[in-house]
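Observations on the three-dimensional arrangement
Read off the chains here:
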Amino acid sequence: KKITNAPAISDFPARFLEKSKLRYSRISSNKKNKLRNLSRLRLVVFLSLPILFSCLYFSIAPTLYYVTLLLPTAFFLHLVFLYQHKKEHLEKIQRTLIFLDREISRKNGNIKSLEGYEIWEYEEKIRNHPLSIDLDLCTKQGLFPYLDTTVSKEAWSLFLNSFE
């Protein structure tokens, strides 16, 4: 009696990556919609500030009533900070999706679909290294795009420093 299904176990990482990519793309689209709605709310609150101010001004309200404008102003500032935080989170999700796409391409052996940098985007010490020219490291279909599994700029600099 067979306990495990060997092809399914050997295919697990690719299936896991595909499922993760699907999940993250759903999360990304959901976050984009929420960010769009938050942006609309922020616009409404921002446009209400001059309207409220002009209503107070034209009704010749006492100066004390102008203090009530602090509440929508504080709410607007809160929405701005919330928007920035959610946008950073969405950018992290987008970087994760790019990473998953690269890993799926790497797993399937589709090296040509791996995104690499142009030759001029690499640091000069890497670009002009003798082995870089001989081994064709810095081209779009070179060795660097295949070895690069970094997501952040800090990791990219560590990756480049490992070749010194």
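Please refer to the structure higher up on the page.
Before going into details, it helps to say that this report is about the structure given with it.

Parameters at a glance
Residues numbered from 1 in each chain as written. Predicted model: local features only at pLDDT ≥ 70, side-chain atom pairs only at ≥ 80, totals over all residues. Heavy atoms only, no water. Helix = DSSP H or I, 4+ residues; strand = E, 2+ residues; numbered from the N terminus. Expected span 1.5 Å × (residues − 1). Phe/Tyr/Trp six-rings, centres within 6.5 Å; stacked < 30°, edge-to-face > 60°. Buried < 20%, exposed > 50% of the residue type's maximum accessible area, 1.4 Å probe, protein only. Lys NZ or Arg CZ within 6 Å of the ring centre and 35° of its normal. Salt bridge = Lys/Arg side-chain N within 4 Å of Asp/Glu carboxyl O. Core = buried A, V, L, I, M, F, W, Y, C linked by side-chain atoms within 4.5 Å. Contact = heavy atoms within 4.5 Å.

Between the first and last C-alpha of helix α3 (residues 70-108) there are 57 Å, a value that for 39 residues agrees with the 57 Å anticipated at 1.5 Å per step. Following α3 by one or two positions, G109 has its phi on the positive side, about 80 degrees.

Turning our attention to the packing of aromatic side chains. In total, this model carries 4 aromatic pairs according to the counting rule given. On the basis of an interplanar angle of 55 degrees and a centroid distance of 5.6 Å, the ring pair of F53 and Y66 is categorised as tilted. Here Y66 lies in the loop between α2 (12-58) and α3 and F53 lies in helix α2, a separation of 13 residues in the sequence. Ring plane angle 70 degrees and centroid distance 5.4 Å describe the contact between Y57 and F58, whose orientation is recorded as edge-to-face. On the accessibility criterion, F58 (66% relative accessible area) is exposed. Through successive ring pairs, a cluster of aromatic residues spans F53, Y57, F58 and Y66. Geometry around Y24 places R23 over its ring, the cationic atom sitting 5.0 Å from the centre. Here the basic side chain of R42 rests over the ring of Y83, its NZ or CZ set 4.1 Å away from the ring centre.

Let us look at the environment of T96. One can find T96 in helix α3. Judged by its relative accessible area of 25%, T96 is partly exposed. Distance from T96 to V151, taken between C-alpha atoms, is 7.4 Å for residues 55 residues apart in sequence.

Further remarks concern the environment of K107. Of note, K107 is situated in helix α3. C-alpha of K107 to C-alpha of A14: the two residues are 93 residues apart in sequence and 6.7 Å apart in space.

So, on to the pattern of salt bridges. Evaluated as defined, the whole model comprises 1 salt bridge. The partner of K21 in a salt bridge is D101, and the shortest N-O contact between them spans 2.8 Å. Residue K21 is located in helix α2, and its partner D101 is located in helix α3; the two are separated by 80 residues in the primary sequence. Given the relative accessible area of 30%, K21 is considered partly exposed. The class of D101 is partly exposed, set by a relative accessible area of 33%.

This brings us to the nonpolar core. Core analysis: the largest hydrophobic core is formed by 8 residues, namely L35, L38, V45, F76, L79, V80, Y83 and L90. Residue assignment for this core shows that the elements contributing at least two residues are α2 and α3. The dominant element in this core, judged by the number of residues it contributes, is α3, at 5 residues. Not counting residues within four places of it along the chain, the set of residues in contact with Y83 comprises L35, L38, S39 and R42. By size, the runner-up hydrophobic cluster in this structure holds 7 residues, among which are Y122, I126, W156 and L160.

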